[in-house]
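# Remarks on the overall topology
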Amino acid sequence: AAGGGKIGQVFNVKLTTTQDIDTQTWTDVTSLTQAITPAATSSKILCMYTINISAASDGMSRLMRDSTAIGIADASGDRARASVEGVNRSVYESTCHAFCFLDEPNSTSAITYKVQAQATTCQINYSQTDSDAFTYGHGTSTLTVMEVLA
């Protein structure tokens, strides 16, 4: 029987509060950072994130391994290279960015994965119109990192 594909370590972090991002530069999403030390160089790391993002335009997110963006689009002119691009463009609703990526870091050193977002102005875990009423909810964003053993 094949011996690969078993799950080793599993980590999950979440952001249950809100965050504002008011810059067109990539910004870390608060709390969505997780370190993992692979058991072997043949291990793969399965990364999955979901973030609730609200923006009037240009909201996007990406996955990082240490200081390197991974799982992003190919270069195309001056366009930003993201893992997920797109927002609802409604001030009353958020969009869920969901992304899954199987990384092959070829390392037994500690690796830090994190989620970043960017937009002219965006909100994480709430909508731009955030009235204190039952019809306006706040969400939770998560990052899960799992070691897949060879």
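Our structure's up above, just so we're on the same page.
Right, let's walk through the structure included here.

## Section: the packing of aromatic side chains
For the structure shown, the criterion picks out two aromatic pairs. Ring plane angle 45° and centroid distance 5.7 Å describe the contact between Tyr49 and Phe99, whose orientation is recorded as tilted. Highlighted residues: Tyr49 in strand β3 (residues 44-55) and Phe99 in strand β7 (residues 95-103), separated in sequence by 50 residues. Taking relative accessible area as the criterion, Tyr49 reaches 2% and is therefore assigned buried. Taking the centre distance of 6.3 Å and the plane angle of 10° together, the rings of Phe99 and Phe101 count as stacked. Residue Phe99 is classed as buried on the basis of its relative accessible area, which comes to 15%. What links up through ring pairs into an aromatic cluster is the set Tyr49, Phe99 and Phe101.

## Side note on the environment of Ser31
Relative to the helices and strands, Ser31 resides in strand β2 (residues 19-36). Residues Ser31 and Phe101, spaced 70 residues apart in sequence, show a C-alpha to C-alpha distance of 19 Å. Among residues more than four places away in sequence, those in contact with Ser31 are Val13, Lys14 and Leu15.

## Regarding the nonpolar core
If you look at the biggest cluster of nonpolar residues, it comprises 26 residues, and the most contacted ones within it are Leu32, Tyr49, Ile51, Tyr113, Ile124 and Leu143. Among the secondary structure elements, those contributing two or more residues to this core are β1 (7-15), β2, β3, β8 (111-124) and β9 (141-148). The dominant element in this core, judged by the number of residues it contributes, is β8, at seven residues. Those residues within four positions of Ile124 in sequence are excluded, and the remaining contacts are Leu15, Thr17, Thr18, Gln19, Ile21, Val29, Ile51, Asn52, Ile53, Ala117 and Ser141.

## Side note on the environment of Thr121
Looking at the element boundaries, Thr121 is found in strand β8. It is 8.1 Å that separates the C-alpha atoms of Thr121 and Gly59, two residues lying 62 residues apart in sequence. With residues up to four places along the chain from it excluded, the contact list for Thr121 reads Ile21, Asp22, Ser54, Ala55, Ala56 and Gln128.

Cut-offs applied
Residues numbered from 1 in each chain as written. Predicted model: local features only at pLDDT ≥ 70, side-chain atom pairs only at ≥ 80, totals over all residues. Heavy atoms only, no water. Phe/Tyr/Trp six-rings, centres within 6.5 Å; stacked < 30°, edge-to-face > 60°. Helix = DSSP H or I, 4+ residues; strand = E, 2+ residues; numbered from the N terminus. Buried < 20%, exposed > 50% of the residue type's maximum accessible area, 1.4 Å probe, protein only. Contact = heavy atoms within 4.5 Å. Core = buried A, V, L, I, M, F, W, Y, C linked by side-chain atoms within 4.5 Å.

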